[in-house]
Amino acid sequence: MARARNQRADDGRDTGRGGRRGQAEAVVEAVDGGLAELLPDRDRARAWTLLIDGAPQSHVDLDDPSYLSFEYQRRLGHVIDLVAPPGRPVQVVHLGGGALSLARYTAATRPRSTQQVVERDAALVQLVRRELPLDPNARIRVRSTDAREGLAKVPDGWADLVIADVFSGARTPAHLTSAEFVTEARRVVKDSGIYAANLADGPPLAHLRGQIATVASVFPELALVADPTVLRGKRFGNAVLVASGRPLPVAELTRRAASDPHPARVEHGKELLDFTGGAAPVTDAVAVASPAPPPSVFR
């Protein structure tokens with residue numbers, strides 16, 4: 001793997017991988033999915049942002065794994081908080097790993113949780129483990145395989161929570177957008193468990209509407225958390241779709257989303273189904289990857 005390090009000026013002390021003091025250096029390395037960059041956060045001493053081919057993927061603070069910087073990750077963090085009473089260990093499947101931000105968050109806020117991360121990019125996993133080491137006490141197992149193949153190996157009803165956050169570059173692969181895929185997720189989730197997906201779309205929101213219809217064909221209870229401007233089709237952005245076989249904690253999710261630094265709106269019930277505009281569920285036969293974001297999104 002090609003690797004380059006930028007010049008740095010620091011105070012001469014070094015706390016090891018992912019623990020440098022002073023002005024930390026960026027890490028640039030070729031991985032299976034493209035060019036990975038780990039950029040130091042100048043405002044937080046041991047925090048890093050992961051980019052793949054220029055697209056931001058994850059943010060990790062090694063000193064405070066409970067800190068979630070990205071808007072969509074904060075919203076998924078709320079789901080993790082609400083899937084069970086505070087502090088109770090849970091069983092989680094993460095489809096898509098990135099820098100393992102949400103797995104770290106779960107381990108920090110729910111000690112003794114058991115987690116499976118499915119991340120296809122083995123070289124990325126090696127980079128993250130080396131530069132941003134996991135807490136050795138965290139019960140996090142990482143499998144380097146395709147998300148759908150990895151999900152198929154999880155026992156029926158094993159998970160309290162399945163999180164789908166898979167992007168190849170900046171697009172969700174087609175085979176992870178279908179009703180067949182969501183049906184497999186429901187097989188893995190406990191009756192009282194939750195399925196949550198990070199979706200990305202922009203005007204006219206055809207992909208987002210289709211994904212809501214698709215998940216609604218499998219799960220009876222849904223809620224969508226997103227920036228109001230994204231919901232109005234004013235800009236490209238992320239939306240978190242939450243689903244379950246049981247009623248969701250909509251009121252508390254709404255309160256938390258509204259109090260975020262970048263407030264989000266929660267849609268559910270009839271209003272959410274109306275939002276689909278009659279979109280049909282997506283099947284494997286017609287599935288396509290999510291739309292590519294415009295170049296201006298990452299500027």
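Values in this document were obtained by computation on a predicted structure and should not be read as measured data.

(A) Representation of the packing of aromatic side chains within the structure. Inspection of every chain in the model, using the stated rule, returns two aromatic pairs. Ring geometry for phenylalanine 70 against tyrosine 72: centres 6.3 Å apart, planes inclined by 45 degrees, an arrangement best described as tilted. Across the pair, exposure class does not vary: phenylalanine 70 and tyrosine 72 are buried alike. Geometrically, the ring pair formed by tyrosine 195 and phenylalanine 219 is stacked, given 5.8 Å between the ring centres and 0 degrees between the ring planes. With tyrosine 195 in strand 10 (residues 189–201) and phenylalanine 219 in the loop between helix 6 (206–216) and strand 11 (221–226), this residue pair connects regions lying 24 residues apart in the sequence. For the cation-ring pair, arginine 44 lies above tyrosine 67, with the distance from its terminal atom to the ring centre recorded as 3.5 Å.

(B) Molecular detail of helix 1 (residues 71–82). With twelve residues, helix 1 ought to run about 16 Å at 1.5 Å a step, and its terminal C-alpha atoms sit 17 Å apart, in line with that. The element helix 1 is extensively covered by neighbouring structure, given that nine of its twelve residues are classed as buried.

(C) Quick look at the confidence of the model for the chain. Looking at the chain, the pLDDT average stands at 92 and 91% of residues meet or exceed 70. For residues 1–21, every residue scores under 50 in pLDDT, and the model assigns this stretch 49 contacts once sequence neighbours within four places are set aside.

(D) Expanded view of the environment of threonine 106. The residue threonine 106 is located in helix 2 (residues 101–109) in this model. Given a relative accessible area of 0%, threonine 106 falls into the buried group. Those residues within four positions of threonine 106 in sequence are excluded, and the remaining contacts are Ile80, Val90, Val92, His94, Pro111, Ser113 and Gln115.

(E) Expanded view of empty space enclosed by the protein. Under the criterion given, the structure shown has three cavities of 30 Å³ or more. If you go around the largest cavity, you meet 13 residues; those closest to its centre are Ala164, Leu176, Tyr195, Ala197 and Leu199. Elements supplying a minimum of two residues to the lining of the largest cavity: helix 5 (179–188), strand 10 and helix 6. Ranked by residues supplied to the lining of the largest cavity, first place goes to strand 10 with four residues. Roughly 40 Å³ of internal volume is contained in the second largest cavity.

Conventions used here
- Residues numbered from 1 in each chain as written.
- Predicted model: local features only at pLDDT ≥ 70, side-chain atom pairs only at ≥ 80, totals over all residues.
- Heavy atoms only, no water.
- Phe/Tyr/Trp six-rings, centres within 6.5 Å; stacked < 30°, edge-to-face > 60°.
- Buried < 20%, exposed > 50% of the residue type's maximum accessible area, 1.4 Å probe, protein only.
- Helix = DSSP H or I, 4+ residues; strand = E, 2+ residues; numbered from the N terminus.
- Lys NZ or Arg CZ within 6 Å of the ring centre and 35° of its normal.
- Expected span 1.5 Å × (residues − 1).
- pLDDT = per-residue confidence, 0-100.
- Contact = heavy atoms within 4.5 Å.
- 1 Å grid on protein atoms, 1.4 Å probe; cavity = no way out; pocket = protein on both sides within 12 Å on 5 of 7 lines; lining within 4 Å.
- Points joined across faces, edges and corners; volume = space filled by probe spheres on them.

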